[in-house]
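Coordinate inspection notes
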Amino acid sequence: MDITKDEYAEKPLSFEDPVRKRGEVSVIQRAVEAGYHRRKRIEKVIFAGFRGAAFINGLALFIILFFMLKNGISAITWGFLTEVPRESMTQGGILPCIVGTALLAIGAVVIALPVGVASAVYLNEYATPGLIIRIIRLGINNLAGIPSVVFGLFGLAFFVIYLKMGVSLVSGCLTLAALSLPVIIGSTEEALKAVPDTYREASLGLGATKWQTIYRVVLPASLPGILTGAILGLSRAAGETAPIMFTAAVFYTPDLPGSIFDEIMALPYHIYVLATAGTHIEQTRHLQYGTALVLIALVLGMNMIAIVWRSRMRKKLK
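Residues numbered from 1 in each chain as written. Predicted model: local features only at pLDDT ≥ 70, side-chain atom pairs only at ≥ 80, totals over all residues. Heavy atoms only, no water.

Here's the deal with the nonpolar core
In plain terms, the rule: Take the buried Ala, Val, Leu, Ile, Met, Phe, Trp, Tyr and Cys residues and link them wherever side-chain atoms come within 4.5 Å; each set so joined is a nonpolar core. Residue burial is assigned from relative accessible area. The probe radius is 1.4 Å, only protein chains are included, and a residue is buried under 20% of its type maximum, exposed over 50%, and partly exposed in between. Elements are defined by DSSP. Helices are runs of H or I of four residues or more, strands are runs of E of two residues or more, and each kind is numbered from the N terminus. Contacts are residue-level and defined by heavy atoms, with any inter-residue pair within 4.5 Å sufficient.
Judged by nonpolar contacts, the single largest core of 40 residues is most densely connected at Ile94, Leu104, Leu176, Ile244, Leu267, Val294 and Met302. For this core, the secondary-structure elements that each account for two or more residues are helix 5 (95-126), helix 8 (169-193), helix 10 (210-239), helix 12 (267-277) and helix 13 (285-317). In terms of residue count, the dominant contributor to this core is helix 13 (9 residues). For Ile244, the contacting residues outside a window of four places in its chain are Leu104, Leu176, Ala249, Ala266 and Tyr269.

In structure tokens:
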């Protein structure tokens, strides 16, 4: 007997079966259909919640940026970006603040990134799982949640007073590095865990040592994740006020830092001073918003540079 092509073609999957077509609805089949539709409804509700959360976050960001632009765009001029403050900071610009913030953020990441990566490599690649390692990881997670003012008091007591570095750029960088370290360690360790074990096994099978495997295989493969931690640390370091007000930033200085032991001005602390401790608060209101806009742009610019670098690294790895 010949079988035609149409007769041999498979029928599309459906919940219909011959029993149901004959009017004899299976209880099990009905339960399966009900469970399927219930899961689909739950899925739609959950995804609607995700979309709503994303929309709320985006809307909040848009409102904040619009409010800042509306109140501070009038202060953004070339002189505002390239001059030093004058007349009790009611005139002039914020050049020392921009330079100080950039130096603090970059210095903090330069210090924290090697230490954080080395710590993560030890915890993930060398350390034997046990009670001590669990305690260390618990301490790192707790440090990530400590308020920044606590790090500021630590920096004041240890770097400024005990090590006699004084209120200076280096004290601020070290304090911000300690603040960023838990974030960098956590993100780097997760990036190392994401590297497949087959990479390590193949390298070791070819005769490479453990360090050569880590240096030439594991770290390059996890570099995008490591850079993500660096971006998060950079953003946090650039926007903190409490740690630097005890260790690095001063109310006013017209000079750019000539050494790592000089005092500096910084954008977050400058905003705080203009809004709370200034003698002409209302006169400097537009300068406060203008300084906040510059801070947002500076952090965004540094993040974009790091993100572009990370993207290129990912392309090279592919």
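Having put the structure on the table, let's press on.
Overview of the packing of helix 5 against helix 6 (residues 131-144)
Convention followed: A fitted line through C-alpha atoms represents every axis, and for helices the fit uses only the stretch in contact; the resulting angles, taken between N-to-C directions, go from 0 to 180 degrees. A crossing counts as left-handed when the near helix is turned anticlockwise from the far one by less than a right angle, and as right-handed when that turn is clockwise. When residue character is reported, Ala, Val, Leu, Ile, Met, Phe, Trp, Tyr, Cys and Pro are called nonpolar, Asp, Glu, Lys and Arg charged, and the others, Gly included, polar.
Contact pair helix 5 / helix 6: the axes reach a minimum separation of 12 Å and the direction vectors enclose 145 degrees. Helix-helix and strand crossings are classified by hand; for helix 5 and helix 6 the assignment is left-handed. Residue-level inspection shows Tyr122, Leu123 and Asn124 of helix 5 in contact with helix 6, the latter providing Ile133, Ile136, Arg137 and Ile140. When its residues are assigned to classes, the contact of helix 5 with helix 6 shows 5 nonpolar, 1 polar and 1 charged.

Remarks on unusual backbone geometry
Even without being a glycine, Lys164 presents a positive backbone phi close to 60 degrees. Structurally, the position occupied by Lys164 is in the loop between helix 7 (148-162) and helix 8.

Thoughts on a nonpolar patch on the surface
Short version of the rule: Residues enter patches when their relative accessible area tops 30% and they take part in no salt bridge; the joining distance is 9 Å for like charges and 5 Å for the nonpolar side chains Val, Leu, Ile, Met, Phe, Trp and Tyr. All accessibility values rest on the Shrake-Rupley procedure with a 1.4 Å probe; residue burial counts only the protein chains present in the view. Counted as salt bridges are all cases of a side-chain nitrogen of Lys or Arg within 4 Å of a carboxyl oxygen of Asp or Glu.
A cluster of nonpolar side chains, contributed by Phe55, Ile56, Leu59, Phe62, Ile63 and Phe66, occupies part of the molecular surface with about 670 Å² of accessible area. For Phe55, a relative accessible area of 57% corresponds to the exposed category.

Thoughts on the environment of Gly166
Structurally, Gly166 is set in the loop between helix 7 and helix 8. Taking relative accessible area as the criterion, Gly166 reaches 23% and is therefore assigned partly exposed. Remark: the alpha-carbon pair of Gly166 and Pro220, spanning 54 residues in sequence, is separated by 39 Å. Among residues more than four places away in sequence, those in contact with Gly166 are Phe159, Val160, Ser171 and Thr247.

Comments concerning helix 8
To keep it simple, the criterion reads: By this rule the span expected of a helix is its residue count minus one, scaled by 1.5 Å. We define the bend at each residue as the angle formed by axes fitted to the 7 residues ending at it and the 7 residues starting at it.
Between its first and last C-alpha atoms helix 8 spans 35 Å; for 25 residues at 1.5 Å apiece the expected length is 36 Å, and the two agree. A maximum bend of about 40 degrees is found in helix 8 at Ser180, where proline Pro182 lies one to four positions downstream. Of all 25 residues in helix 8, 18 are buried; the element is thus mostly enclosed.

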